[in-house]
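Next come the chains, spelled out residue by residue.
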Amino acid sequence: MSLNEQLQRACYTGPAGTEGVGPCRGGSQLCANGAYGACGGEVLPGAEACNNVDDDCDGTTDEAGSVGESLWYEDADADNYGDATSSILSCNAPSGYTGDNTDCDDSRSSVYPGADEYCNSIDDDCDGSIDEAGSIGETIWYLDADGDTYGDPAVTLSACTQPSGYVGNSGDCDDTTASTNPAAPDICDVVDNDCDGS
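Let me sum up the structure you'll find in this document. As the structure is a prediction and not an experimental result, all values here were calculated from the model.

So, the state of the cysteines
Argument step 1. Enumeration according to the criterion identifies 6 disulfides in this entry.
Argument step 2. A disulfide bridge connects Cys119 with Cys160, and the sulfur atoms are separated by 2.0 Å. Taking the torsion about the S-S bond as the criterion, the Cys119 to Cys160 disulfide, at about -70°, is left-handed. Here Cys119 is found in the loop between strand S6 (97-98) and strand S7 (139-143), whereas its partner Cys160 is found in the loop between strand S8 (152-159) and strand S9 (166-167), with 41 residues between them in sequence.
Argument step 3. On the accessibility criterion, Cys119 (27% relative accessible area) is partly exposed.

As structure tokens, then:
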């Protein structure tokens, strides 16, 4: 039996300065037939991945360029909806960034998908339409079929801006005749020309 068969020594074949950093560990070599064999049991640096482990044993965890990075989008207005035109790759969301990229105005925290739409000439809910039907703050407009600037109280439309053919005044008592409205003179014709009820 050879005298050196049971000899064993520590070994590490990774780059200098990486042993003992992160998961990197040395192994051991056994002496057999007058020579040391391969370094067994060692853990060498690998590709850095997004896993909260210092895979490449450089003293930094999940740094830029790690495998599995996600795209994060700047959220300047802190509404949890990000700007698709401003992004960064990282394992974790940097401060001021979010995983969402659907904000249509990242300078206003009240503007984001699903927000209430207001009558303010802004696309508050990011649906591509401004001040659409159902917006908060709509005005009731009255049909002015006869063009006398007085509307029919029975025919209304709610909208942020004045629709064509509608007015904000609801005082017309006969919207088929332009000469009948609250400003018209009452004449002897058996018609309530001035809409005063008599």
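On we go from here.
With respect to unusual backbone geometry
Argument step 1. Backbone geometry at Asp62 places phi at a positive 55°, although glycine is not the residue there.
Argument step 2. Structurally, Asp62 can be placed in the loop between strand S3 (35-36) and strand S4 (70-74).
Argument step 3. For Ala78, which is not glycine, the phi dihedral falls at a positive 55°.
Argument step 4. Mapped onto the elements, Ala78 comes out in the loop between S4 and strand S5 (83-90).
Argument step 5. You can call Ala78 exposed: its relative accessible area is 64%.

Comments concerning the sheet that holds strand S2 (residues 27-32)
Adjacent strands of a sheet pair through backbone hydrogen bonds, lying either parallel or antiparallel.
Argument step 1. In spatial order, the strands read S1-S2-S3; together these 3 strands make up an open sheet with antiparallel pairing. A strand with exactly one partner marks an edge of an open sheet, and here the two such strands are strand S1 (8-11) and S3.
Argument step 2. Relative to S2, S1 is paired through 4 bridges, and the arrangement is antiparallel. Across the sheet, the residue bridging to Ala10 is Ser28, located in S2.

Quick notes on the rules
- Residues numbered from 1 in each chain as written.
- Predicted model: local features only at pLDDT ≥ 70, side-chain atom pairs only at ≥ 80, totals over all residues.
- Heavy atoms only, no water.
- Disulfide = S-S within 2.5 Å.
- Helix = DSSP H or I, 4+ residues; strand = E, 2+ residues; numbered from the N terminus.
- Buried < 20%, exposed > 50% of the residue type's maximum accessible area, 1.4 Å probe, protein only.
- Pairing = 2+ DSSP bridges.

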